[in-house]
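Survey of secondary and tertiary structure
Given next are the chains, with one letter for each unit.
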Amino acid sequence: MSERVRLGIFFIFGPLFLGLYCYAAMGLPQWGHYRGPYGDVISRVAVFERHATDAVNAINYDYRGFDTLGEEFILFTAVLGIMLLLRREEGAADTKADARKQGEKSNEVEDNPALSTTIQAVSLPAVFVTVIFGFYIGLHGQLTPGGGFQAGVILATAPILIYLAQNTKAFKRITSHPVIEVIEAIGAASYGLIGIAPLLLGVPLLTNVLPRGVTGDVFSAGTIALISACVGIEVTAAFLLVAYTYLQEIISGEIAED
Amino acid sequence: MSISAPLPQHLANAVPALPIVLPLLTATVLAVLRKHLPRPVIDAIGIGASLLNLVVCSLLLYEANTQTVVYWFGNWYPRGSIVLGITFVIDPVSAGLACLAATLTTLALLFSWRFVDAGSNHFQPLMLVFLAGMTGFCLTGDLFNLFVFFELMSTAAFALCGLKTREPAPLQGAFNFAVTNTIAAFMVLTGIAFLYSVTGALNMAQIGLLLAHRHDPLVLFACALITCGFLTKAAIVPFHFWLADAHAVSPTPVCVLFSGIMVELGLYAVLRLYTVIFLPAMDTKSTSLRTILLVFGTVTALYGGAMCYAEHHIKRLLAFSTISHCGLMLTAIALQGPLAAAGFLTYLLAHALDKAALFLVAGILLHRLRTASEPALFNQGKKLGFTATLWLLGALGLAGFPGFGTSLGEALTSNAAEAANIRWLSIVFLISGTLTAAAVLRVGFRTFLGWGTKPISDRAAQIDELPETQDGDDTTFWYHIVPPILCIAGAIAVALLPGVREHILNAANRLSNQPAYLHTVYTGETQPLPSLANLDLSARSAAFRGVIAALLAAALALTSVFRSRIPRILRIGAYLEGPLLALRSIQSGHVGDYVLWMTVGIATIGTTFVVMLR
Amino acid sequence: MPPHLSLLPFIVAGWLFFCGLYGIITSRHLVHCVVCLAVLQTSTYMLLLGIGYRLGGAAPVFADIFPGTATVDPVVQALMLTDVVVEAVVVALLLAIVVKAYEKSGCIDPKDLSTLRG
């Protein structure tokens with residue numbers, strides 16, 4: 001199908017779809033006047049029932065914790081898929097793309113200017129602050145906005161900062177360590193095990209069976225805090241694996257050049 | 001445990017969650033140990049996990065036969081009519097589909113024992129996650145949970161589709177698959193958001209309760225979006241383009257799962273959401289809805305059949321036949337009512353097993369003869385007698401030959417159509433069955449019997465598949481041949497085993513009754529329903545049509561195979577193979593075209609719903 | 001927001017969906033195609049957050065407000081969190097497919113990837 005035909009057909013049916021969307025949206029409750037019962041009920045009871053001040057994370061890890069289990073395993077599966085797709089194969093045939101990359105790489109490393117000393121000096125304190133902040137966000141998931149997923153992403157940016165500060169060897173040593181895969185799997189499995197533990201006590205999966213503690217403490221809200229921490233571990237490891245898998249060819253080239 | 005006693009409480013609180021959690025945990029263990037354990041151990045753990053899943057799902061099916069199991073995660077029971085948590089509603093249909101998923105996964109993992117390339121052992125954990133995703137999709141009673149499991153299933157599927165990374169074709173197929181199905185998932189999510197805004201609920205039963213008799217444009221557009229999203233997964237025209245590409249490039253065990261259960265789950269989701277939420281919402285307009293869905297189903301069935309006959313790559317051929325049969329199943333859903341639902345379920349079960357057997361035989365051909373392209377397979381299969389028998393039986397199953405479950409499904413659906421004064425539906429079944437069976441028979445005649453001349457080689461068949469098993473092993477082991485035997489035996493058992501028909505009728509009856517569903521979700525009790533067993537079902541005319549379809553299929557295949565020896569007028573098969581070029585060029589392999597057709601589809605269905613069903 | 005503009009967030013959501021579709025259909029570069037898919041996915045965030053907003057509502061964090069004060073809807077924010085994670089991982093997986101496809105075939109334009117034509 002030629003470009004013009006494609007555009008022609010799209011400009012008939014696309015605006016029709018957009019028009020339908022807007023027409024349907026006219027039937028929505030007026031913006032700013034949320035009236036559904038679900039959110040209000042949870043806002044009223046979450047603090048008293050679960051001693052968690054952050055209602056969003058109470059929903060994520062307790063009321064609808066099963067969805068988050070599925071979501072965490074989507075992340076796990078995607079990382080497994082990325083490692084599958086970008087795996088190094090023995091005896092893979094050279095294509096012309098590979099050859100072109102080889103030629104480009106030798107030029108690239110010569111053209112790259114050295115990083116300024118300011119950046120190299122600032123990067124280490126920046127990494128330090130990132131890691132501390134990441135741990136803070138992860139541990140306070142049940143109290144303030146944040147939690148496991150957000151903390152994991154923040155913590156995963158710390159080694160990337162190191163890589164950007166041109167310390168490729170340190171980056172490789174951190175992220176290619178085989179224990180990262182194990183940590184990721186342990187993080188994912190621990191969510192499942194925290195869910196299974198209530199089964200042994202005779203209540204359904206993912207029931208919040210740990211002591212609720214005092215509202216406002218770091219160690220409160222039962223399994224919410226624990227699940228949040230495990231998810232943080234898993235997400236950190238997952239993103240490190242993804243970063244390493246994408247960069248591995250470039251890194252090997254850069255290290256070989258040194 | 002007697003048939004009327006429920007599970008003891010501590011088991012009732014544990015068992016329904018196991019079919020999801022156990023495969024996921026096993027997948028994490030396998031992901032860690034994949035480089036350290038030898039291949040047979042990892043395969044064995046995978047097969048063991050899916051067998052365990054099968055056992056647990058069978059237990060749930062046994063329990064659900066007497067009373068629906070309602071399981072509240074996190075112990076969050078509903079407060080009044082407001083549902084706070086996520087629920088699993090396990091009735092016989094859900095549990096049955098979960099068992100089917102577990103069975104096909106076990107057979108697929110058994111088939112891939114030791115020799116199929118497993119991508120350094122990533123294959124087995126991904127299959128287990130795929131199984132968990134499918135099981136959760138069947139069992140859930142919450143809309144957003146349905147979306148999450150849809151995405152889990154899809155992510156594992158994208159990764160499995162792109163497993164063979166040595167050739168560029170699998171990557172293109174996986175890309176097209178991923179883009180179209182992700183757009184579908186987000187259409188579903190948009191629809192869920194619209195429904196949430198007017199009801200304030202995410203639980204299917206609560207939404208069904210709140211949306212009664214409401215069919216304003218918002219609800220209709222949400223229905224259209226959700227329908228289009230799930231019909232994309234179900235590969236209905238015009239959302240079907242990704243299926244042929246994905247099947248042509250995936251490893252055989254993965255194709256078995258795609259065609260056998262993943263695509264059918266899209267149709268199941270449509271059926272479940274329509275019976276619980278949308279049909280009660282549309283009450284007076286359900287006849288118009290029936291017409292719209294019948295049109296799409298019929299077009300899909302005929303288009304799929306025609307494209308199937310025109311294909312020369314075995315897996316793409318079988319993929320188009322899946323599209324055709326999914327169109328037939330959509331017509332069964334369109335008819336509404338317990339009898340049609342029973343026809344849908346029977347046809348689904350029989351088609352899944354039959355198609356799985358055909359794909360497994362294609363895998364055996366790929367393993368023994370190192371090719372999947374019809375021109376290259378010509379006359380190569382003369383020594384594979386047993387495989388040829390299985391292929392022939394599979395073809396008969398596609399045609400709806402009496403004795404196969406497809407014939408029974410067609411009988412039930414035709415009876416439901418007669419009751420609604422739609423007499424042409426059985427002709428559609430006949431044509432679709434003839435075309436797809438003829439294609440399979442044509443391949444069989446050329447490969448196993450060596451009849452006729454070498455077929456014209458075309459573009460699609462030239463892009464052949466690399467063999468997926470290692471070189472140097474030229475025998476068909478027991479684990480290659482037992483799975484297809486079991487599948488064919490299952491497809492026959494659906495029709496011939498006594499008691500299966502009654503169970504399916506009861507299950508369909510429970511599924512179609514929305515007030516009973518609401519009552520069960522909110523109170524946990526299952527109401528007894530009037531039985532359907534006293535319906536007068538004549539399967540004889542369907543059996544007759546099945547025999548006609550098989551004979552016509554054989555004749556069509558022969559006119560194609562022996563095209564040089566018969567007069568020009570009679571070369572019907574050859575005419576069908578060649579001049580369909582215009583139709584085939586629409587399937588261009590370009591992702592922009594596929595998404596364009598999806599846009600055309602959602603705009604058309606959206607406009608039709610909003611205009612006709614208001 | 002004046003009442004006659006109150007449909008604006010939802011129209012923006014629809015517009016984002018439309019732009020995403022347009023981008024994918026007319027794309028000439030696989031990475032551009034994946035990013036347009038991400039744009040399409042963001043339309044659902046706009047829709048969800050627009051649905052859950054309450055004028056004058058506080059954030060649903062009760063660290064210093066008492067439960068019972070008017071807050072925005074926490075449920076859609078939880079749904080959006082799941083949504084964002086799903087989007088990020090699907091985009092990552094698709095980009096891996098793109099990288100590998102470029103490596104194996106040398107083409108980056110969808111119309112040059114012609115191995116799977118009907």
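Cut-offs and rules
Residues numbered from 1 in each chain as written. Chains lettered and ligands numbered in written order. Predicted model: local features only at pLDDT ≥ 70, side-chain atom pairs only at ≥ 80, totals over all residues. Heavy atoms only, no water. Helix = DSSP H or I, 4+ residues; strand = E, 2+ residues; numbered from the N terminus. Buried < 20%, exposed > 50% of the residue type's maximum accessible area, 1.4 Å probe, protein only. Areas by Shrake-Rupley, 256 points an atom, 1.4 Å probe, with all protein chains shown as cover. Core = buried A, V, L, I, M, F, W, Y, C linked by side-chain atoms within 4.5 Å. Contact = heavy atoms within 4.5 Å. Axes fitted to C-alpha atoms, helices over the stretch in contact; angles between N-to-C directions. Parallel < 35°, antiparallel > 145°, perpendicular 65-115°, else oblique. Left-handed = near helix turned anticlockwise from the far one by under 90°. Nonpolar A, V, L, I, M, F, W, Y, C, P; charged D, E, K, R; others polar. Expected span 1.5 Å × (residues − 1). Polar contact = N/O pair within 3.5 Å; in protein donor to acceptor, adjacent residues only side chain to side chain. Phe/Tyr/Trp six-rings, centres within 6.5 Å; stacked < 30°, edge-to-face > 60°. Lys NZ or Arg CZ within 6 Å of the ring centre and 35° of its normal. Buried area = accessible area lost by both parts, 1.4 Å probe. Salt bridge = Lys/Arg side-chain N within 4 Å of Asp/Glu carboxyl O. Pairing = 2+ DSSP bridges. 1 Å grid on protein atoms, 1.4 Å probe; cavity = no way out; pocket = protein on both sides within 12 Å on 5 of 7 lines; lining within 4 Å. Points joined across faces, edges and corners; volume = space filled by probe spheres on them. pLDDT = per-residue confidence, 0-100.

Next up on the list: the overall build of chain A. Scanning chain A for helices and strands turns up 10 helices and zero strands. Looking at the 258 residues of chain A, the share that counts as buried comes to 53%. Accessible area of chain A: about 11,400 Å², with a carbon and sulfur share of 67%.

Let us look at the nonpolar core. Residues F66 and L205 of chain A together with F130, F175, I183, F230 and L267 of chain B are the most contacted members of the largest nonpolar core, which totals 344 residues. Sort the elements by how many residues they give to this core and helix α11 (residues 252-282) of chain B lands first, with 21 residues. When residues no more than four places from it in sequence are discounted, the contact partners of F175 of chain B are V591 of chain B together with L30, C33, V34, L94, I97 and V98 of chain C. Counting residues in hydrophobic clusters, the runner-up holds five residues, among them F171, A243, Y244 and I251 of chain A.

Before going further, it helps to spend a moment on the packing of helix α7 (residues 168-199) of chain B against helix α3 (residues 74-105) of chain C. Between α7 of chain B and α3 of chain C, whose axes approach to 9 Å, the crossing angle comes to 165 degrees. On the basis of their axis angle, the class for α7 of chain B and α3 of chain C is roughly antiparallel. By crossing handedness, the relation of α7 of chain B to α3 of chain C is classed as left-handed. Contacts between α7 of chain B and α3 of chain C pair P168, L171, A174, F175, A178, V179, T182, F186, L189 and Y196 of chain B from the former with V75, V76, D83, V86, V90, L94, I97, V98, K100, A101, K104 and S105 of chain C from the latter. For the contact of α7 of chain B with α3 of chain C, the residue count by class is 17 nonpolar, two polar and three charged.

The subject of this paragraph is helix α6 (residues 143-161) of chain B. Residue and element names in this part refer to chain B. Look at α6: 27 Å from first C-alpha to last across 19 residues, which is about the 27 Å you get at 1.5 Å a residue. Burial of α6 is extensive: 19 of the 19 residues sit out of reach of the surface. Two or three places before F144, at the opening of α6, D142 has a side-chain oxygen 3.1 Å from that residue's backbone nitrogen.

The next thing to look at is the packing of aromatic side chains. All chains considered together, the criterion is met by 41 aromatic pairs over all chains. Look at W31 of chain A and Y53 of chain C: their rings are 4.9 Å apart centre to centre, the planes differ by 15 degrees, and that puts the pair in the stacked class. Residue W31 of chain A is found in the loop between α1 (3-25) and α2 (37-50), and its partner Y53 of chain C is found in the loop between α2 (30-52) and α3; the two belong to separate chains. Joined through ring pairs, the aromatic side chains of F10 and F11 of chain A together with W15, F18 and Y22 of chain C make up one cluster. Just above the ring of F150 of chain B sits the side chain of K233 of chain B; from NZ or CZ to the centre is 5.1 Å. Geometry around Y309 of chain B places R442 of chain B over its ring, the cationic atom sitting 4.8 Å from the centre.

A few words now on the packing of helix α10 (residues 241-249) of chain B against helix α13 (residues 314-334) of chain B. Residue and element names in this part refer to chain B. Viewed as axis vectors pointing N to C, α10 and α13 meet at an angle of 145 degrees, and their least axial separation amounts to 8 Å. Like other packed secondary-structure pairs, α10 and α13 cross with a definite hand, here right-handed. Within the contact between the two elements, α10 uses L243, A244, D245, H247 and A248 and α13 uses K315, R316, A319, F320, T322 and I323. Across the contact of α10 with α13, the residue classes tally to six nonpolar, two polar and three charged.

On the chain A side, the residues contacting the 75 residues of chain B number 61 residues. Together chain B and chain A conceal approximately 5,900 Å² of surface at their shared face, both sides included; 72% is due to carbon and sulfur atoms. In terms of surface lost to chain A, no three residues of chain B exceed W76, L84 and L596 of chain B, which account for 10% of the buried area on that side. Where chain B packs against chain A, one counts five salt bridges. As a salt-bridge pair, D142 of chain B and R64 of chain A come within 2.6 Å of each other at their nearest N and O atoms.

What follows deals with the pattern of salt bridges. Pairing of side chains with opposite charge becomes possible as their charged atoms draw close. Counted according to the given criterion, the structure contains 21 salt bridges over all chains. A salt bridge links D593 of chain B to R6 of chain A; the shortest N-O distance between them is 2.7 Å. In this pair, D593 of chain B is assigned in helix α26 (residues 591-612) and R6 of chain A in helix α1, connecting two distinct chains. For the pair D593 of chain B and R6 of chain A, one class covers both residues: buried.

Residues and elements named next belong to chain B. Of the two faces of strand β1 (residues 69-72), the one holding V69 and Y71 and the one holding V70 and W72 are both buried throughout. Both β1 and strand β2 (residues 87-90) contribute to a ladder of four bridges, which runs antiparallel. If you follow V70 over to β2, its bridge partner there is V89.

The next point concerns empty space enclosed by the protein. Tallied over the full model, the rule gives 10 cavities of 30 Å³ or more. By volume, the second largest cavity amounts to about 90 Å³. Around the second largest cavity sit 15 residues that line it, and P29, H33 and Y34 of chain A, S197 of chain B together with I51 of chain C are the ones nearest its centre. Residue classes in the lining of the second largest cavity are distributed as eight nonpolar, six polar and one charged.

Residue and element names in this part refer to chain A. For chain A, per-residue confidence averages 83 on the pLDDT scale, and residues scoring 70 or more make up 88% of the total. Ignoring residues within four places in sequence, the model shows residues 91-100, a span with pLDDT below 50, making 11 contacts including any to other chains. Ignoring residues within four places in sequence, the model shows residues 106-111, a span with pLDDT below 50, making one contact including any to other chains.

Moving on, we come to the confidence of the model for chain B. Residue and element names in this part refer to chain B. Per-chain confidence: chain B averages 88 in pLDDT, with 93% of residues scoring 70 or above. Low confidence marks residues 1-5, where pLDDT is under 50. Its contacts with residues over four positions away, or in another chain, come to six contacts. ipTM for the predicted complex: 0.96, alongside a pTM of 0.94.

Residue-level contacts link 58 residues of chain A with 52 residues of chain C. Both faces considered, chain A and chain C share a buried interface measuring about 4,900 Å² in area, 72% of it formed by carbon and sulfur atoms. With its nearest N and O atoms 2.9 Å apart, the salt bridge here joins D40 of chain A to R54 of chain C. There are 11 residue pairs in polar contact (both at pLDDT 80 or more) connecting chain A and chain C.

Attention now goes to the side chain of T227 of chain B. Among the structural elements, T227 of chain B can be located in helix α9 (residues 217-233). When sequence neighbours within four positions are dropped, the list of residues in contact with T227 of chain B reads Y274 and F609 of chain B.

With that settled, consider unusual backbone geometry. In the segment running from V237 of chain B into P238 of chain B, the intervening peptide bond is cis, with an omega of -5 degrees. With respect to the secondary-structure elements, P238 of chain B resides in the loop between α9 and α10.

Among the structural elements, V93 of chain B can be located in helix α4 (residues 92-111). Owing to a relative accessible area of 4%, V93 of chain B belongs among the buried residues under this scheme.

We now examine the side chain of T190 of chain B. Position of T190 of chain B relative to the elements: it lies in helix α7. Judged by its relative accessible area of 0%, T190 of chain B falls in the buried class. Apart from the residues within four sequence positions on either side, T190 of chain B is in contact with Y21 of chain A, L225 of chain B together with F17, T44 and L47 of chain C.

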